[in-house]
Structures are given as structure tokens and as C-alpha cells.
Amino acid sequence: MNSAYEKYFRQDRLPHIWCPGCGNGIVLSAFARAMEELNIDQDKTVVVSGIGCSSRATTYVDFNTLHTTHGRALAFATGVKLANPELNVFVFMGDGDSSAIGGNHLIHASRRNIDITAIIIDNNIYGMTGGQYSPLTPTGKKATTAPYGMVERNFDLCELVKGAGATFVARGTVYHAKQLTDLIVAGAKNKGFSVIEAVSQCPISYGRRNKMKNALEMINWQKEHAVNVKAAQKMNPEQLKDKFLIGELYRAEAPEYTAEYDKLIERVQKGGK
Amino acid sequence: MKKYQVKVNEKRCKACGICIGLCPKEVFGEDYLGKAVVKDDGKCTGCKICELHCPDYCVEVGETA
Ligand SMILES: Cc1ncc(C[n+]2csc(CCOP(=O)(O)OP(=O)(O)O)c2C)c(N)n1
Ligand code: SF4
Ligand code: SF4
Ligand code: SF4
């Protein structure tokens, strides 16, 4: 990594505990580059995470950090942002963390359109606990709890947050690492709830079980299966079979929660009802 | 043509093979543990694919002249 970004990491915590080839580290360097591009004040920035391998991110990044409980990162982040709306708030979650146990919080953060940027590291599995399936495990793929293949239908988390009211929704991959940085920057600039799903690889708990023998193969899979939204417009359904969309998927304008709350406080303090 | 110097921080390297496999110019080889070693950075084009994709922040590509 370029030494200019080393200041975003707690040097005494490196090397991190992630397995060789784990995508979490790549997402984190995309995040560091985004912070540099935003020229962010580290002391005015809070990074919150839940529980999971991906949520270990808060151990390594040098900001005000909060490593919370499984699925609840957004609830803590909401409290932080409401207490001091001046702070920049970022949240790291895993696919299980955000869509299973924490699905509820994801819906309500979206619905409130609170000015938080959530980065969901989607490795299609519960990595930390050894490979149970998550709602984002693709149909047919194997997990310890789906030894004969995932029987449930595929689930699109980006569509969920879009429907629930998030005002910036994007998907990237660790292969498209530069674009991932751009998406984090754009999400951070959006005054509202932003979600960036970062498709990543867990070679240990997912890849090995699904005939992808190493991280390199998994990264190359991302390269071959991700299609930019703009390019997809010129493709037919046959060409898009087995592909997934990356890039800025959705943007909208809506009132932001902390701003609305401030208005309410002002009105009531002036004796309004 | 610009020249580049490629450095690998071997203390942090976990031998995942990503930089070795993704580099279009085969700049990297591996040592007996599978850790990345710079074989020939004379061929490096400065694309930084290795630097962007190292999960352990080991690779740094710099311009020399
Ligand atoms: C309340 C609670 N339930 C269950 C767990 C066990 N647990 C720890 S991490 C995890 C899943 C993590 O999966 P994911 O969110 O996809 O993150 P990853 O490890 O893949 O990055 C579970 C179920 C827990 N820590 N707390
Ligand atoms: S188990 Fe998977 S997600 Fe967890 S550190 Fe290892 S490779 Fe990464
Ligand atoms: S910058 Fe590009 S060409 Fe140079 S070593 Fe890295 S991947 Fe290879
Ligand atoms: S990508 Fe990084 S950790 Fe992996 S082999 Fe290369 S230098 Fe080592």
C-alpha cells in the first residue's frame, strides 16, 4: 500500500488477523483511499462495526471506533450521529450481520435516511463462525448448514435498502478496487443513508467449500461476473444471465433524519407544538 | 518510458498469491513459503493492480525516474 495511507491504520495492530487472501483487507484499503480523497478529519469521524470477520475492521482503522454487537452496528451508529450530527459516521458490516440478525436495523436506517455511510462486506457466508449460510449465500452454494446446497432463493440487499428508503445505493467488488473507493466517496458525500455492498471473498469458509480453490480464483470470478450498470443497459437478458450489477445503482433526494430532528428541537424549544 | 520500483513488505505478507497472480507483467515470484518476492520490476508498467489488491498492505509501487 502506498505509504500515504498508512496513517489510517493502527500500525500496532497490523498484520491483521484475517486469513491469507481474505477480501476484508482489500475493502479496508479502498476505504483508506476514500478517506484520503475526502480529506477527512480522523478525529471527527466515527467508524462503527458489528460482529464478524468483516466487523474486525474497527480494530485496524485509526479513527474513533466502536466495535458493537452482532447486527446492531447501525443502532449504535444512529445514536452517535444523533448525539452529534457534525460527526462523519461510517459503518462496517458483514452480509450476515446486516441482512440476517441486523436486517431490521438496516431497514430502519434506510427508512429514516440518516446521514450514515454503511459498507457491507458481502462474502456470501458467515465467515467468522466457520461457514454457515447467510441470506446472501447464492442458491445451490454449499455451507456447513447447507451441505447439499442452499435451497433458498437469491436475495438482493441493494433492492431491499432502495425499497426501504436509502438515498444512495451502490455495489462494488474487491476486484474493482478503484471503483469501490469512488463509490465510498460518493456515498460519504450523500447527505442521507448510503449503502455500498462490497462483493468480497472468503476463501476459507466459502471458497474451499464451493470449488474455488483460492482467493485469486475468487477475485477473477468477480471480474468475470460483475457488469457495470451502464454497460448492462446495452446487454440482453441472455448476456446478463449469471451476472451481477456493479456501480451506482440508485440515488434519491429525501429529508435527512438528524436535520429533521434538529428542526423539531428548534420548533419545540420556541414553544411550538 | 517511466521506471518503477516495486517493494514487498515481507513481514506482513501472508503468501495469498493475489499479487503474483494478478500482475500482468509477471513481476513477482514466490519464496519457499509462497511469499511474494520481486523478480523483475524492470517490466513493471506502474498499473498498481498489485498494490490495490494486496489484502495485507505489503506492496508499494513507486516511480524511480
Ligand atoms: C447475538 C449473537 N448471535 C450470534 C453470534 C455468533 N456470530 C458471530 S459472527 C457471526 C456471523 C458473521 O457473519 P457475517 O456477518 O457474514 O460476517 P463475516 O464473518 O462473514 O465477515 C455469528 C452468527 C454472536 N456473536 N452474537
Ligand atoms: S474466515 Fe473468511 S471472512 Fe473470515 S478472515 Fe478468514 S477468509 Fe476472511
Ligand atoms: S504495478 Fe502492475 S505491472 Fe507493476 S508489479 Fe504491480 S501489477 Fe505488476
Ligand atoms: S498480495 Fe500481499 S499478502 Fe498476498 S502474496 Fe502478494 S504481497 Fe503477499
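Small disclaimer: the values here were computed from a predicted structure and weren't measured.

Student: Explain the pattern of salt bridges residue by residue, including any values.
Tutor: Considering all chains together, one arrives at 15 salt bridges over all chains under this definition. Here B:Arg12 ties to A:Glu6 by a salt bridge, and the two come within 3.1 Å at their closest N and O atoms. Taken together, the positions of B:Arg12 in the loop between strand S1 (4–8) and helix H1 (18–22) and A:Glu6 in the segment before helix H1 (24–38) put the pair across two chains. Here B:Arg12 and A:Glu6 have matching classes, each one buried. In this structure, A:Glu248 engages A:Arg251 in a salt bridge whose closest nitrogen and oxygen atoms are separated by 2.6 Å. Salt bridges linked by common partners bring A:Lys81, A:Asp115 and A:Lys191 together as one network.

Student: Can you explain a nonpolar patch on the surface? Please cite residues and give values.
Tutor: Residues and elements named next belong to chain A. A contiguous nonpolar surface patch, about 380 Å² in accessible area, is contributed by Leu82, Tyr261, Leu264, Ile265 and Val268. It is helix H12 (residues 257–269) that contributes the most residues to the nonpolar patch, four residues altogether. With respect to the element layout, Leu264 can be found in helix H12. Given the relative accessible area of 36%, Leu264 is considered partly exposed.

Student: Outline the packing of aromatic side chains, listing residues and values.
Tutor: Residues and elements named next belong to chain A. The final tally for this structure, using the stated rule, is eight aromatic pairs over all chains. Ring centres 5.9 Å apart and planes at 65 degrees place the aromatic pair Phe31 and Phe63 in the edge-to-face group. Placement of the pair is Phe31 in helix H1 and Phe63 in the loop between helix H2 (57–60) and strand S2 (64–67), with a sequence separation of 32 residues. In this pair, the class of Phe31 matches that of Phe63, namely buried. Both rings, one in Tyr257 and one in Tyr261, keep their centres 5.7 Å apart while their planes meet at 75 degrees; by these two values the pair is edge-to-face. Taken as a pair, Tyr257 and Tyr261 lie in helix H12 at a separation of four residues, close to a single helical turn. Accessibility expressed as a relative area gives 35% for Tyr261, which makes it partly exposed. Clustering of aromatic rings is evident, with ring pairs tying together Tyr8, Phe31, Phe63, Phe90 and Phe92.

Reading guide: rules and limits
Counting from 1, residues in each chain are numbered in the order their sequence is written. A letter from A marks each chain and a number from 1 marks each ligand, given out in the order of writing. Whole-chain, interface and lining totals are the exception, using all residues; otherwise, since this is a predicted model, local features are given only for residues with pLDDT of at least 70 and side-chain atom pairs are given and counted only at 80 or more. Values shown for side chains rest on all heavy atoms present in the structure; no hydrogens or waters enter the calculation. By definition, a salt bridge exists where a carboxyl oxygen of Asp or Glu is found within 4 Å of a side-chain nitrogen of Lys or Arg. Helix numbering and strand numbering both begin at the N terminus, where a helix is a DSSP run of H or I of at least 4 residues and a strand a DSSP run of E of at least 2. For the exposure calls, accessible area comes from a 1.4 Å probe over protein chains only, and a residue counts as buried if that area is under 20% of its type's maximum, exposed if over 50%, partly exposed in between. Any residue with relative accessible area above 30% and no salt bridge may belong to a patch, with like charges joined within 9 Å and the nonpolar Val, Leu, Ile, Met, Phe, Trp and Tyr side chains within 5 Å. Surface accessibility follows the Shrake-Rupley procedure with a 1.4 Å probe radius. Residue values consider only the protein chains on display as shielding. Each pair of aromatic rings taken from Phe, Tyr and Trp, with Trp reduced to its six-membered ring, is defined by centres within 6.5 Å and is described as stacked if the planes are under 30 degrees apart, edge-to-face if over 60, and tilted in the remaining cases.

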